[in-house]
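The lines below spell out each chain.
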Amino acid sequence: MRKVCVAGVGMTKFGVSEKSCIELFAEAALEAVNASNIKVTDIQSVHFGNVFGDFEEGQAVMGSFAAREIGCPPSTPALRYEGACATASVAIRDAFIAVASGLYDVVLAGGTERCMAMGTPLATRTFAMCTEGKYESYTGITFPGVFAMMTHLYAKKYNIPLAKLKERMAMVAVKNHYHGTMNPLAQFQKEITAASVLKGFMVCDPLQLLDCCPFTDGAAAIVIASEEKAKKMVEKPVYILGAGQGSGAPLFRQKDITVHEARIAASKKAYEMAGVGPKDIDVAEVHDCFTIAEIALMENLGFYDFGTASEAVERGESKIGGKLPLNPSGGLKAKGHPIGATGAAQAYEIVKQLRGECGARQVEGAKIGMTDTLGGDATTVVDIIYGI
Amino acid sequence: MSSSVTYKLTHKMFYEGLKEGKLLGLKCNSCNTYTCPPKINCAQCNSLDMDIVELNGKAEIKTFTVVRVCPEGFEGELPYVVALAELEEGPWVCGRVVGVDPDKVTMDIIGKKATVGGKIPPKLSYAPGEPMAITLKIS
């Protein structure tokens, strides 16, 4: 396996858009191509992520349309990836493998989504399709509902009073919204208070509105190249040091849903491949789809012992300037969560962080960064470690 | 001997069981554990050597939520409680909790005993066949 790097990256503003999934993707993709100082015809393969284009726009086979939209020739293969909210990270990992194997030298990976086009009832239904369909979905369980069940189980398991846990969860939301104020591409760039989180309407007990990430439109893309090519393309190539992906069973077979078997397996693989451990990570973009999710992942990725991460949040260790800054971009919570694009937006942020290009939200001296992306009920999880 | 593999217990057969008030599962002849709801091989050891058994339907609530924003199609049932529960035979199930007032449910429901049953969900798009949802009746 040869060394692989990220060259240029691109990302649209996240929020509400009237552009189509392909238009959004094309803007992010050509930004990444231009930032790589190559021509679009240098792209040898397009790894395209999208989850619900069929429901959002009635559009399937978007991968090939997107490849031709940006100017790739008929000889360029395009692959559509779907791994629920981890979609773009699945695409990036596959693109990494394609280059590492020597099959291609320069490829494009990313994703796009227009969640807002569905409206809340259909969006809630389609997101719930990422839960197991024969034995769980018909109960009416939703995505917030799953993480709500995780919250209650977490409070019970670690004997943390629910009110105390919810205060610490609110601190995750406050922190990520604060980070989002420094990201001009974030959907929300306003600070919120813990009091406002705890006053929001109840979505699924005990998760309130601001415990949940928003529905978002947006796209992101990155150019992945062999070390040799990338060094010629950009001044500061960022290395993909390790990548892992895991598959989780339905919730009822996972049983204790505070422990994410697929995430533990994926991160173990990524750490091993990179030759680093959780303590070596300087900055991470992680899957804070719900406030409890960020607390749980801090433990499942090995950053903290099980049952202790909410205390670390209270100590401010996950803020920029803290022991291990998480989601300097604002995360899914404030930056937004266009599910098919999220993994690529995480990669965008980590690449910029490692290059020292993040301005006010820069994590000083970051050399090793990580992305963690969770799809479904921890059904598809991808962890990728980057270094400069 | 044929090398073809077929399901001992399909989702349809599992649903039929729920309709008749029976919780069907699979008992593995290799490792003696139960797989429920069913899958093609043993959830513990991947063995195909399993027999269909009726489980006793007794469960304990492990965690729950009250759904107040629902997927399209479930509007008429709001608010409602969904839980994960552990069966006496070991597996967990995800079910709709029945027989409780959703607005009065607290974490005290965790650890409560429940009986497994089934209900027909509201009419939904993208739901082929005759769907069934597992229910958990608090005893």
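Parameters at a glance
- Residues numbered from 1 in each chain as written.
- Chains lettered and ligands numbered in written order.
- Predicted model: local features only at pLDDT ≥ 70, side-chain atom pairs only at ≥ 80, totals over all residues.
- Contact = placed C-beta atoms within 7 Å.
- Helix = DSSP H or I, 4+ residues; strand = E, 2+ residues; numbered from the N terminus.
- Nonpolar A, V, L, I, M, F, W, Y, C, P; charged D, E, K, R; others polar.
- Pairing = 2+ DSSP bridges.
- Buried ≥ 20, exposed ≤ 12 C-beta atoms within 10 Å, placed from the backbone.
- Expected span 1.5 Å × (residues − 1).
- Axes fitted to C-alpha atoms, helices over the stretch in contact; angles between N-to-C directions.
- Parallel < 35°, antiparallel > 145°, perpendicular 65-115°, else oblique.
- Left-handed = near helix turned anticlockwise from the far one by under 90°.
- Domains from an automatic or database assignment.

Is there a simple way to explain the interface of chain A and chain B in this structure?
Note: interface size is frequently given as the accessible area lost on complex formation between the parts. Across the contact, 29 residues belong to chain A and 32 residues belong to chain B. For the side of chain A that touches chain B, the elements supplying multiple residues, two or more each, are α5 (119–128), α6 (143–157), β5 (202–204) and α10 (251–254) of chain A. Looking at which element gives the most residues to the side of chain A that touches chain B, the answer is α6 of chain A, with 7 residues. Split by residue class, the side of chain A that touches chain B holds 16 nonpolar, 6 polar and 7 charged.

Help me understand the sheet that holds strand β2 (residues 34–35) of chain B, please; the structure alone is not making it clear to me.
Across a sheet, paired strands are connected by hydrogen bonds in the backbone, their directions being either parallel or antiparallel. Residues and elements named next belong to chain B. Pairing within the open sheet is antiparallel, and its 3 strands lie in the order β2-β1-β3. Each of the sheet's edge strands pairs with one partner strand only, and the pair in question is β2 and β3 (50–55). Looking at chain direction, strand β1 (residues 23–28) and β3 are connected through 6 bridges and run antiparallel. Looking at β3, one finds that Lys27 is bridged to Asp51.

What should I look at first to understand the pairing of strand β11 (residues 380–387) of chain A in this one?
On a regular strand, each side chain points to the face opposite its neighbour's, so the side chains alternate between the two faces of the sheet. Residue and element names in this part refer to chain A. Most of β11 is tucked away, with 8 of its 8 residues classed as buried. Every second residue of β11 is oriented toward a common face, with Thr380, Val382, Ile384 and Tyr386 on one face and Val381, Asp383, Ile385 and Gly387 on the other, all of them buried. Note that strand β8 (residues 238–247) and β11 share 8 bridges and pair antiparallel. Counted as the bridge partner of Ala243 is Ile384 from β11. The pairing of strand β10 (residues 368–375) with β11 spans 8 bridges and is classified as antiparallel. Paired with Gly375 across the strands is Thr380, a residue of β11.

Mind showing me how you'd approach helix α11 (residues 261–274) of chain A here?
Because an α-helix packs 3.6 residues into every turn, residues spaced three or four apart end up facing the same way. Residue and element names in this part refer to chain A. With 14 residues, α11 should reach 20 Å at 1.5 Å per residue; the first-to-last C-alpha distance of 20 Å fits that figure. Every buried residue belonging to α11 is among Ala262, Arg263, Ile264, Ala266, Ser267, Ala270, Tyr271 and Ala274, and all of these are buried. Considering only its buried residues, α11 is in contact with β8, α12 (291–300), β10 and β11. Of the residues trailing α11, Gly275 is marked for its positive phi of about 70°.

How should I be thinking about the packing of helix α1 (residues 21–35) of chain A against helix α3 (residues 62–69) of chain A in this particular structure?
Between two packed helices, both the angle of their axes relative to each other and the distance between the axes serve to describe the pair. All names here are of chain A. Running from N to C, α1 and α3 point in directions that differ by 50°, and their axes come no closer than 10 Å. Considering their axes alone, α1 and α3 lie oblique with respect to each other. The interaxial crossing formed by α1 with α3 has right-handed handedness. Side by side, α1 and α3 meet where Cys21, Ile22, Phe25 and Ala26 of the first sit next to Met62, Phe65, Ala66 and Glu69 of the second. The residue inventory of the contact of α1 with α3, partitioned by class, reads 7 nonpolar, no polar and 1 charged.

Quick question: what am I supposed to make of the domain arrangement of chain A here?
All names here are of chain A. With domains assigned, chain A is organised as domain 1 (4–119 + 216–239) and domain 2 (140–214 + 241–387). Distance between the C-alpha centres of domain 1 and domain 2: 23 Å. Residue-level contacts link 36 residues of domain 1 with 37 residues of domain 2. Put simply, the parts of the chain that give the side of domain 1 that touches domain 2 at least two residues each are β1 (4–11), α4 (87–100), β4 (106–114), β7 (217–226) and β8. For the side of domain 1 that touches domain 2, the leading source of residues is α4, giving 7 residues.

Just checking my understanding: could you explain the domain arrangement of chain B for this structure?
All names here are of chain B. Partitioning chain B into structural domains gives domain 1 (11–55) and domain 2 (58–138). A straight line from the C-alpha centre of domain 1 to that of domain 2 covers 20 Å. Taken together, the contact pairs 13 residues of domain 1 with 12 residues of domain 2. Here the side of domain 1 that touches domain 2 takes 4 residues from helix α1 (residues 11–19), the largest share from any one element. The residue makeup of the side of domain 1 that touches domain 2, split by class, is 7 nonpolar, 4 polar and 2 charged.

Just to check I follow, could you spell out unusual backbone geometry for this structure?
Excluding glycine, a negative phi dihedral is what most residues carry, and trans is how most peptide bonds are arranged. All names here are of chain B. Of the consecutive residues Cys36 and Pro37, the connecting peptide bond is found in the cis state with omega at -10°. Inspection of the secondary structure puts Pro37 in the loop between β2 and β3. A cis amide bond links Leu78 to the next residue, Pro79, at an omega of -20°. Considering the arrangement of structural elements, one finds Pro79 in the loop between β4 (58–67) and β5 (80–87).

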